[in-house]
Amino acid sequence: MKLFNKSLLAALVFLGAAAAAHAANYQPHIIRFGYGLAEDSNQGRAAKFFADDLAKRTGGKLRMKGFANASLGSDIQMQNALIGGAQEMMVGSTATLVGIVGDFGVYDLPFVFRNEKEADTILDGPFGQALLNKLQEKGLVGLVYWENGFRNLTNSKHPIAKMEDLQGIKLRVMQNPVYIDMFKGFGANPIPLSFSELFTALETRTVDGQENPVTTIQSSKFYEVQKYLSLTKHVYSPWIVLVSKKWWEALNADERKAVQESAAAARDFERKDSRALSEKAIEFLKQKGMQVTVVSDKEIERMQETTRQAMFKFASDGHTSLVKELQSDLEKLRK
Ligand code: KDG
């Protein structure tokens, strides 16, 4: 009997040591979270919030590392890396998703959302969720929408106070047909480029101008290479938090729940942060030497009228019912 006890004790000691060694060597799963803006931006701060919240929620088991400044690639390159399983997560523009799910172009239609409240309600409600669900069959999981914001024009040539001032301006746009059609309609010369190429293109005068929310104009230091800012708010642009479906399916239910809840908490944080920064950004950009033009309501109405062609072209390209659904949802909200 004594021999048996000694063997049992030896076995227990071995197992205890093995467990301790395993625990010591356990590397929490590192989630690579790529994004295009700087660490010191609304996007970067939300990525850090997300990482901290997820580590807390999972006791350190799921650890996210943010990769800023498109260091893991452009939005489109990261989307493909997620589909292939070479990267776990990213946040980027819905505008660059249209090559994967064309319906996301509905968020690029000009002058659709009148304010952030409308945007939040649609994006976080059945309409926005239905679009997220369309990503699953493409190898992506869409978790939530964050705020990129209302887009405004900048350029290095002259103030833009009316549509005609855009004539001949080489304007960088996102790689998306609605933006190309919209700015062709305004008389500009739209040049699609990835966000990661944008600062250099502005600095070398390869393009004269671009359009982005004031928060991005500030955090990406476009004021260093752009003199004129025109407040048009021509599109409300969402960001989307994406997960590789291959990686997602390897998580258990508790891990998925934690990632989803942390993504939503980061969304709420990011929207607050983005809106607070947006209020101060115009003054900051003026202090950095930008000349700010508030485009009149009359001119905005003229621009809106001109964009109807781009809206019609998108709808007639297989998206009529989607556009009608969005317009109907917005009409109900505005009653
Ligand atoms: O990750 C950065 C881009 O996704 C985002 O900022 C897109 O607004 C955008 C642009 O102009 O490319």
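Remember, predicted model here, so these are calculated numbers, not experimental data. (Residues numbered from 1 in each chain as written. Predicted model: local features only at pLDDT ≥ 70, side-chain atom pairs only at ≥ 80, totals over all residues. Heavy atoms only, no water.)

Visitor: Teacher, can you tell me more about the overall build of the protein here?
Guide: Within the protein, the regular secondary structure consists of twelve helices and eleven strands. Over its C-alpha atoms, taken along the principal directions, the protein stretches across nearly 100 × 45 × 35 Å. With 335 residues in all, the protein has 53% of them scored as buried. Within the protein, residue pairs in contact and separated by at least 24 positions form 76% of the contacts whose partners lie at least 6 positions apart. Within the structure as shown, the protein displays about 15600 Å² of accessible surface, and the carbon and sulfur contribution to it stands at 55%. Positive and negative side-chain charges in the protein, numbering 43 and 39 respectively, have mean positions lying 4 Å apart. (Helix = DSSP H or I, 4+ residues; strand = E, 2+ residues; numbered from the N terminus. Buried < 20%, exposed > 50% of the residue type's maximum accessible area, 1.4 Å probe, protein only. Contact = heavy atoms within 4.5 Å. Areas by Shrake-Rupley, 256 points an atom, 1.4 Å probe, with all protein chains shown as cover. Lys, Arg positive; Asp, Glu negative; His and termini not counted. Charge placed at Lys NZ, Arg CZ, Asp CG, Glu CD.)

Visitor: It is not clear to me how empty space enclosed by the protein should be interpreted in this structure. Could you clarify?
Guide: Take a probe with the size of a water molecule and roll it over the atoms, and the empty space left behind shows itself. Taken as a whole and assessed by the stated rule, the structure comprises one cavity of 30 Å³ or more. D75, S93, R172, M174 and F195 are, among the 22 residues lining the largest cavity, the residues nearest its centre. The element that contributes the greatest number of residues to the lining of the largest cavity is strand 3 (residues 89–93), accounting for three residues. (1 Å grid on protein atoms, 1.4 Å probe; cavity = no way out; pocket = protein on both sides within 12 Å on 5 of 7 lines; lining within 4 Å. Points joined across faces, edges and corners; volume = space filled by probe spheres on them.)

Visitor: When you look at the packing of helix 4 (residues 116–124) against helix 12 (residues 308–334) in this model, what are you seeing that I'm missing?
Guide: Where helix 4 meets helix 12, the closest approach of the two axes is 11 Å, and the angle between their N-to-C directions is 125°. As summarised for this structure, helix 4 and helix 12 are arranged oblique, according to the angle between their axes. In this structure, helix 4 crosses over helix 12, and the sense of that crossing is right-handed. Here E118, T121 and I122 of helix 4 come into contact with helix 12, specifically with L326, D329, L330, L333 and R334. The residue makeup of the contact of helix 4 with helix 12, split by class, is four nonpolar, one polar and three charged. (Axes fitted to C-alpha atoms, helices over the stretch in contact; angles between N-to-C directions. Parallel < 35°, antiparallel > 145°, perpendicular 65-115°, else oblique. Left-handed = near helix turned anticlockwise from the far one by under 90°. Nonpolar A, V, L, I, M, F, W, Y, C, P; charged D, E, K, R; others polar.)

Visitor: Can you help me understand the layout of surface pockets in this one?
Guide: Estimated volume of the largest pocket: approximately 550 Å³. F111, V112, F113, R114 and Q304 are the residues nearest the centre of the largest pocket, which is lined by 25 residues in total. With eight residues, the single largest contributor to the lining of the largest pocket is helix 12. Class assignment of the residues belonging to the lining of the largest pocket gives a composition of 14 nonpolar, four polar and seven charged. The calculated volume of the second largest pocket comes to roughly 250 Å³. Along its surface, the second largest pocket is lined by 16 residues, and E116, F150, V214, K233 and S278 are the ones closest to its centre. If you list the elements that add at least two residues to the lining of the second largest pocket, you get strand 4 (140–150), helix 8 (214–219) and helix 10 (253–287). Per-element accounting of the lining of the second largest pocket gives the leading share, four residues, to strand 4. Looking at the lining of the second largest pocket, its residues break down into six nonpolar, seven polar and three charged.

Visitor: Can you help me understand the nonpolar core in this one?
Guide: Side chains of nonpolar character tend, in soluble globular proteins, to be buried together. By size, the foremost hydrophobic cluster in this structure holds 34 residues, and its most contacted members are F104, V106, Y107 and F113. For this core, the secondary structure elements donating two or more residues are helix 3 (75–84), helix 4, helix 5 (126–133), strand 4, strand 10 (236–244) and helix 12. Contact partners of F113, with chain neighbours within four places excluded, come to Y107, E118, A119, I122, F150, Y236, L326 and L330. In this structure, M64, M89, L143 and V259 belong to the second largest nonpolar core, which totals 29 residues. (Core = buried A, V, L, I, M, F, W, Y, C linked by side-chain atoms within 4.5 Å.)

Visitor: Is there a simple way to explain the environment of K117 in this structure?
Guide: Looking at the secondary structure, you find K117 in helix 4. Between the alpha carbons of K117 and N42 there is a distance of 18 Å; along the sequence they are 75 residues apart.

Visitor: Before we go on, may I ask you to explain the confidence of the model for the protein in this structure?
Guide: Predicted coordinates in regions of low pLDDT should not be interpreted in detail. Residues with a pLDDT of 70 or more make up 91% of the protein, whose mean pLDDT is 93. The low-confidence segment residues 21–26 (pLDDT under 50) makes one contact with residues lying over four places distant or belonging to another chain. (pLDDT = per-residue confidence, 0-100.)

Visitor: I keep staring at the packing of aromatic side chains and nothing clicks. Help me out?
Guide: Each aromatic ring pair is described using two quantities: the centre-to-centre distance and the angle formed by the ring planes. Throughout the structure, instances matching the rule amount to 14 aromatic pairs. With 6.1 Å between their ring centres and 55° between their planes, F195 and F222 make a pair best called tilted. With F195 in helix 7 (residues 195–203) and F222 in the loop between helix 8 and strand 9 (228–231), the pair connects residues that are 27 residues apart, well separated along the chain. Overall, the relative accessible area of 1% leaves F222 in the buried class. Of the aromatic side chains, those joined through ring pairs into one cluster are F33, Y35, F50 and W146. Across the ring face of F67, the terminal group of K65 is positioned such that the distance to the ring centre comes to 5.1 Å. In this structure, K233 is placed above the aromatic ring of F150, and the distance from its NZ or CZ to the ring centre is 4.7 Å. (Phe/Tyr/Trp six-rings, centres within 6.5 Å; stacked < 30°, edge-to-face > 60°. Lys NZ or Arg CZ within 6 Å of the ring centre and 35° of its normal.)

Visitor: Would you mind going over helix 11 (residues 297–306) with me for this structure?
Guide: An α-helix turns once every 3.6 residues. As a result, residues three or four positions apart point the same way. Where helix 11 is concerned, the buried positions are E299, I300 and M303. Summarising the axial view, the buried residues of helix 11 lie within an arc of 100°, below the 170-degree limit, and thus occupy one face. Across helix 11 from its buried face, at more than 90 degrees, point the exposed residues D297, K298 and E301. (Arc of directions from axis to C-beta.)

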